[in-house]
Structure formats: C-alpha cells, structure tokens
Amino acid sequence: CEKVSTTVITVTPDPTIILTPTDPTCGDDGVITATVTGLINPEYMLIQTSGLGAGATTNFTGIFPGLSGGIQYTVTVIDANLPYCSLPSDTITLTPSTAITTTEAITNVTCNGDDDGSITITVSGGTPEYGVQVNDSNGNGTTLNGTSGQTVFVFTGLAAGAYTILGGDANSCPITGSFIITEPDAFVVDNVQTYIGACWLPNSSSGASIDFTGGTP
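As the structure is a computational prediction, the values presented were derived from the model and not from experiment.

K.L.:
Honestly, the nonpolar core in this entry has me stumped. Any pointers?
P.N.:
Soluble, globular proteins show a tendency: their nonpolar side chains are buried together. Counting residues in hydrophobic clusters, the biggest one holds 17 residues, and the most contacted among them are Ile 17, Ile 32, Tyr 73, Val 75 and Val 77. Listing elements by their share of this core, those giving two or more residues are strand S1 (16–22), strand S2 (30–37), strand S3 (42–48), strand S5 (63–67) and strand S6 (72–79). What Ile 17 contacts, discounting residues up to four positions off in sequence, is Ala 34, Thr 35, Val 36, Val 75, Val 77 and Leu 87. Listed in part, the 15 residues of the second largest apolar core include Val 132, Phe 155, Tyr 163 and Ile 181.

In structure tokens, the structure reads:
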C-alpha cells in the first residue's frame, strides 16, 4: 500500500509600501499616507531629520498629518507581531505651498479731517481666489472678494488712522498686514498784523502780514 499526502504551500507576496503625499496648502498642513500590504500588524514610523518638529513619530494608521513642504521624510514600517519582518525605508518630500505676500500703495488724506485716503493692495502667492478686508481701529471695515485671477484690491474713502488687513485665499490661508493713513496738521492762520501807510509820505503803502501753520506747503 502506498500512502500519498499533499501539502499546499502558500507563498506570501513580498510586503510593499506605497506613500501618497498631500502637499501643504498653508505652511504645515501636508499629509503623508503610507499603505502597506503583506504585513499582519504594520507599525509605521515617520522620521523627520530637519526643520521644526524634527524627530520620529509612530502610529498604526500610516497617516501623518501636519507636515511642511521642502523637507524630506522617511517612512519605516515593521510588523508589530513579528518585529523582524520589516520593509526597506522609503523617502518622500512634499512640495511647499507658495507663501502669500502683499504689497501696499498708500495715498494719505489730503486735508485735515477729510476721508479721501486710499490703499491699493496687491496679493500674490497662495491659491487664488482671494478675499481682502480692511478694518479701522474700531473694527469697522470693508471686504472685497476677488474674482478669478484678481490680485489687486483698492480701498477708498479712508480717514487718517491705523488699519489692519485681513483675508484669505481659496484654501483659507491667511492674509494679514497693517498700515497707517496720515493727514496734514490742521491749517491755522496766526499772527495777523496790519499796517497803514502815511498818505503824506511818498511811496508809502498799506498792507498786512499773516503767518500760516499746518496744511501742506
């Protein structure tokens, strides 16, 4: 009699890791997602060797949020049940977001007490569309929401004083700033002196002298 036995050997595919980046939109809101196949209980480690927050972070989800662009990250994965089962480290660098910058062109008030000051704010960087608001020291302000491609915002009718700039881009990345509108000193007529010439003297004349202060010479 002959006995035949059959054994089925299942070959487990080599573990694999896929890193999916989500580039930051506002500084440090980038995400790296690691997806692993072939490990029973993968434990993930993210290593950052430079920049703010340098160090190592571990978790069992493979999702690492709060990351900045322009920094190289290394992801290492082991099997928490079988620590000797691990994957070669993989590295990835997120693309940094473009910082939002503003330039301001200010027109100061023409006459003391008027409200004909203005500011032109030009926005660049970030992700259009932009929204910009200008507030005075009492919190009163005007908001302008830009259309697609609009980068220049003009605010008129401003009195003298300190103002703040608030706003954001399409990803709600903040726009901030401040500026001051000035005005001339009040126009004052001072020290008026008159004199009357003697009619019996040749080349004698009458007149007045007036001193002015303030305003714009």
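Resuming the write-up.
K.L.:
Explain unusual backbone geometry to me, please; I cannot follow it from the model alone.
P.N.:
Across the chain, the bulk of peptide bonds are trans and the bulk of non-glycine residues have phi less than zero. The amide bond that connects Pro 128 to the next residue, Glu 129, takes the cis arrangement and shows omega of 20°. Backbone geometry places Ser 172, a non-glycine residue, at a positive phi of 65°. Mapping Ser 172 onto the fold places it in the loop between strand S13 (161–168) and strand S14 (174–181).

K.L.:
Please explain the side chain of Ser 118 as it appears in this structure.
P.N.:
Topologically, Ser 118 is positioned in strand S9 (residues 117–124). Sequence-distant contacts of Ser 118, defined by excluding residues within four places in its chain, comprise Ala 105, Ile 106, Thr 107, Phe 155, Thr 156, Leu 158 and Ile 181.

K.L.:
Even after reading the chapter, I still don't get the sheet that holds strand S4 (residues 55–59), so can you show me in this structure?
P.N.:
Sheet strands pair via backbone hydrogen bonds, and the direction of the pair is either parallel or antiparallel. Strand order in this open sheet of four strands is S4-S3-S6-S7, and the pairing throughout is antiparallel. Of all the strands in the sheet, the pair left with one neighbour each is S4 and strand S7 (90–93). This sheet shows a mean twist of 25° between the axes of neighbouring strands, independent of strand direction. Taken together, the four bridges between S6 and S7 define a ladder with antiparallel strand orientation. Looking at S7, one finds that Val 75 is bridged to Asp 90.

Rules used throughout
Going along each chain's sequence as written, the residues are numbered from 1 onward. Local features in a predicted model are, by the rule used here, given only for residues with pLDDT of at least 70; side-chain atom pairs are given and counted only at 80 or more, and totals for whole chains, interfaces and linings are based on all residues. Think of the side-chain values as coming from all heavy atoms in the structure, minus any hydrogens and water. Residue types Ala, Val, Leu, Ile, Met, Phe, Trp, Tyr and Cys, when buried and joined through side-chain atoms within 4.5 Å, form a set referred to as a nonpolar core. A simple rule labels every residue: compare its accessible area, found with a 1.4 Å probe on the protein chains alone, to the largest value its type can have, and call it buried under 20%, exposed over 50%, or partly exposed in between. Strands here are runs of E lasting at least two residues and helices are runs of H or I lasting at least four, both read from the DSSP assignment and numbered beginning at the N terminus. Contact between two residues is taken to exist if any of their heavy atoms lie within 4.5 Å; hydrogens are not considered. When DSSP finds two or more bridges between two strands, those strands count as paired. Helix axes are fitted only over the stretch in contact, all axes being lines through C-alpha atoms; the angle between N-to-C directions runs from 0 to 180 degrees.

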